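The chain contents come next:
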Amino acid sequence: MVSTKGPIRVVSTWVRRQPPKVKAFLAVVSAMAALVLLRAIVHDHDNLFIAAEAVHSIGISVLIYKLMMEKTCAGLSLKSQELTAIFLAVRLYCSFVMEYDIHTLLDLATLATTLWVIYMIRFRLRSSYMEDKDNFALYYVLIPCAVLALVINPSTSHNIINRIAWAFCVYLEAVSVLPQLRVMQNTKIVEPFTAHYVFALGVARFLSCAHWVLQVLDSHGHLLIALGYGLWPSMVLLSEIVQTFILADFCYYYVKSVFGGQLVLRLPSGVV
């Protein structure tokens, strides 16, 4: 009998059967291949950062559509939205006092829509909010990020408070999605619009990470010197990489679900 499995399903089945070390190796190889491709086709790598902001905005737009059309916030993490609002607000402050550019306007728009989502979850659609599933304690990320920002921050000529705030928003952004992942881990079933939103976050994180990595490569490491001395330059890159890999597993199952024709994403045990 001729197999009816498509090549994508065959590959995904093969990957799923591999041990964790092989999966990690394949993930690294795939990421490096994607970076090589982006470096070849995108000449101005600053556009990658703008693209990351745009994809994040698209993800927020998906949430707005869900809240307005379906009148439910089931499956969404209010705490993740609050963490997002915090790091965006801090980053906006840093942008105004340190470096005002196009990213400031993008952050302002994203913050405004995030605050609207928070308002809808807290007040208009409170009855559908899955508070018992959204049980990630925020101090698990806020306190470590604050302490880390006090210890490791930019060595620039800016005011020390501004430098600590800058470091804080970088670290907080890297882990802001953890409460949303906890909600999905608790429910195991992710409805389409929430899955689209989290996937958009994953793509945005990867584009942002690619922007920094390619900038370092193009400058032959001089960008790290421009960011300052000590551990701060390495922590910036590490934060970008952490953001990407936190969502990598979810994005794999999302793509697999889409190609498999499934409207609702069902996560196996242990994912996210």
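Rules used throughout
- Throughout, residues of each chain are indexed from 1 in the direction in which the sequence is written.
- Thresholds applied to this predicted model are a pLDDT of at least 70 for local features of residues and 80 or more for the giving and counting of side-chain atom pairs; totals over whole chains, interfaces and linings are not thresholded and use all residues.
- Heavy atoms throughout the structure, all of them, feed into the side-chain values; hydrogens and water do not.
- Helix numbering and strand numbering both begin at the N terminus, where a helix is a DSSP run of H or I of at least 4 residues and a strand a DSSP run of E of at least 2.
- The contact definition used throughout considers only heavy atoms, calling two residues in contact when any of these lie within 4.5 Å.
- Using the Shrake-Rupley algorithm and a 1.4 Å probe, accessible areas are obtained, with residue cover drawn only from the displayed protein chains.
- UniProt positions are given in the numbering used here, feature names are shortened, and annotations may be inferred rather than shown by experiment.
- Any two rings among Phe, Tyr and Trp, with Trp reduced to its six-membered ring, count as a pair given centres within 6.5 Å; such a pair is stacked if its planes are under 30 degrees apart, edge-to-face if over 60, and tilted if neither.
- Three exposure classes are used, based on accessible area relative to the maximum for each residue type with a 1.4 Å probe and protein chains only: buried under 20%, partly exposed in between, and exposed over 50%.
- Joining through side-chain atoms within 4.5 Å is the link that ties buried Ala, Val, Leu, Ile, Met, Phe, Trp, Tyr and Cys residues into a set, and such a set is a nonpolar core.
- Put simply, a salt bridge is a Lys or Arg side-chain nitrogen that is within 4 Å of an Asp or Glu carboxyl oxygen.
- Helix axes use the C-alpha atoms of the stretch in contact, all axes being lines fitted to C-alpha atoms, and the angles between their N-to-C directions lie in the range 0 to 180 degrees.
- In this scheme, roughly parallel covers angles under 35 degrees and roughly antiparallel covers those over 145, while 65 to 115 is roughly perpendicular and the rest are oblique.
- When residues are grouped by polarity, Ala, Val, Leu, Ile, Met, Phe, Trp, Tyr, Cys and Pro land in nonpolar, Asp, Glu, Lys and Arg in charged, and all others, Gly among them, in polar.
- Multiplying 1.5 Å by the helix residue count minus one yields the expected span of that helix.
- Think of the arc as the fan of directions from the helix axis to the C-beta atoms.

Peer 1: Describe the overall build of the protein chain, naming the residues involved and giving the relevant values.
Peer 2: Check the secondary structure of the protein chain and you find 11 helices and two strands. Element order for the protein chain, N to C, with α for helix and β for strand: α-α-α-α-α-α-α-α-β-α-α-α-β. Of the contacts formed within the protein chain by residues at least 6 apart in sequence, a portion of 77% connects residues at least 24 apart. Working note: accessible area of the protein chain is about 14,200 Å², and carbon and sulfur atoms make up 68% of it.

Peer 1: Break down the UniProt feature "transmembrane region" (unreviewed entry) in the protein chain for me, with residues and values.
Peer 2: Taken from the UniProt record, the annotation "transmembrane region" (unreviewed entry) applies to residues 24-42, 48-68, 104-125, 137-154, 193-214 and 234-255. The span residues 137-154 is 72% helix and 0% strand, and its two end C-alpha atoms sit 28 Å from each other. Overall, residues 234-255 shows 100% helix and 0% strand. The separation of its end C-alpha atoms is 31 Å.

Peer 1: Residues and numbers for the packing of aromatic side chains, please.
Peer 2: In total, this model carries four aromatic pairs according to the counting rule given. Residues Phe136 and Tyr140 carry aromatic rings whose centres are separated by 6.2 Å and whose planes lie at 85° to one another, so their mutual orientation is edge-to-face. Judged by relative accessible area, which is 53%, Tyr140 ranks as exposed. One aromatic cluster in this structure is built from Phe136, Tyr139 and Tyr140.

Peer 1: Can you break down the nonpolar core residue by residue, with the values?
Peer 2: Within the largest apolar cluster, 59 residues are counted, with the highest numbers of intra-cluster contacts made by Tyr171 and Trp232. Looking at this core, the element that brings in the most residues is helix α7 (residues 160-175), giving 11 residues.

Peer 1: How would you sum up the pattern of salt bridges? Please name residues and give values.
Peer 2: Applying the stated criterion across every chain, the model contains seven salt bridges. A salt bridge links Asp107 to Arg91, with the shortest nitrogen-to-oxygen separation between them at 2.8 Å. With a gap of 16 residues between them, Asp107 in helix α5 (residues 102-124) and Arg91 in helix α4 (residues 78-98) connect regions that are remote in the sequence. Note on Asp107: relative accessible area 2%, which makes it buried. The exposure class assigned to Arg91 is buried, which follows from its relative accessible area of 15%.

Peer 1: Before we move on, can you summarise the environment of Pro154 with the specific residues and values?
Peer 2: Secondary-structure assignment places Pro154 in the loop between α6 (139-151) and α7. Taking C-alpha positions, Pro154 is 9.9 Å from Ala165, a pair spaced 11 residues apart along the chain. Setting aside anything within four residues of it in sequence, one finds Pro154 in contact with Arg163, Trp166, Ala167 and Trp232.

Peer 1: Lay out the packing of α4 against helix α8 (residues 178-187) in plain terms, naming residues and giving numbers.
Peer 2: Contact geometry for α4 and α8: axes closest at 7 Å, N-to-C directions at 170°. Classified by the interaxial angle, the pair formed by α4 and α8 is roughly antiparallel. On α8, the residues that touch Lys79, Ser80 and Leu83 of α4 are Leu178, Pro179 and Gln180. Each residue belonging to the contact of α4 with α8 can be placed in one class, and the counts come to three nonpolar, two polar and one charged.

Peer 1: I'd like a rundown of the environment of Cys169, residues and numbers included.
Peer 2: If you trace the backbone, Cys169 turns up in helix α7. Here the alpha-carbon distance between Cys169 and Leu92, two residues 77 residues apart in the chain, equals 9.7 Å. Discounting chain neighbours no more than four positions away, the residues touching Cys169 are Phe87, Val90 and Arg91.

Peer 1: Residues and numbers for α6, please.
Peer 2: If you check α6, its first and last C-alpha atoms are 18 Å apart, about what 13 residues at 1.5 Å a residue would give, namely 18 Å. Taken together, the buried positions of α6 are Val141, Cys145 and Ala149. For α6, the angular spread of the buried residues around the axis is 55°, confining them to a single face. Along α6, the residues that are exposed and aim more than 90 degrees away from the buried face are Tyr140, Leu150 and Val151. Residues of α6 that are buried in the fold lie against α4, α7 and α8.

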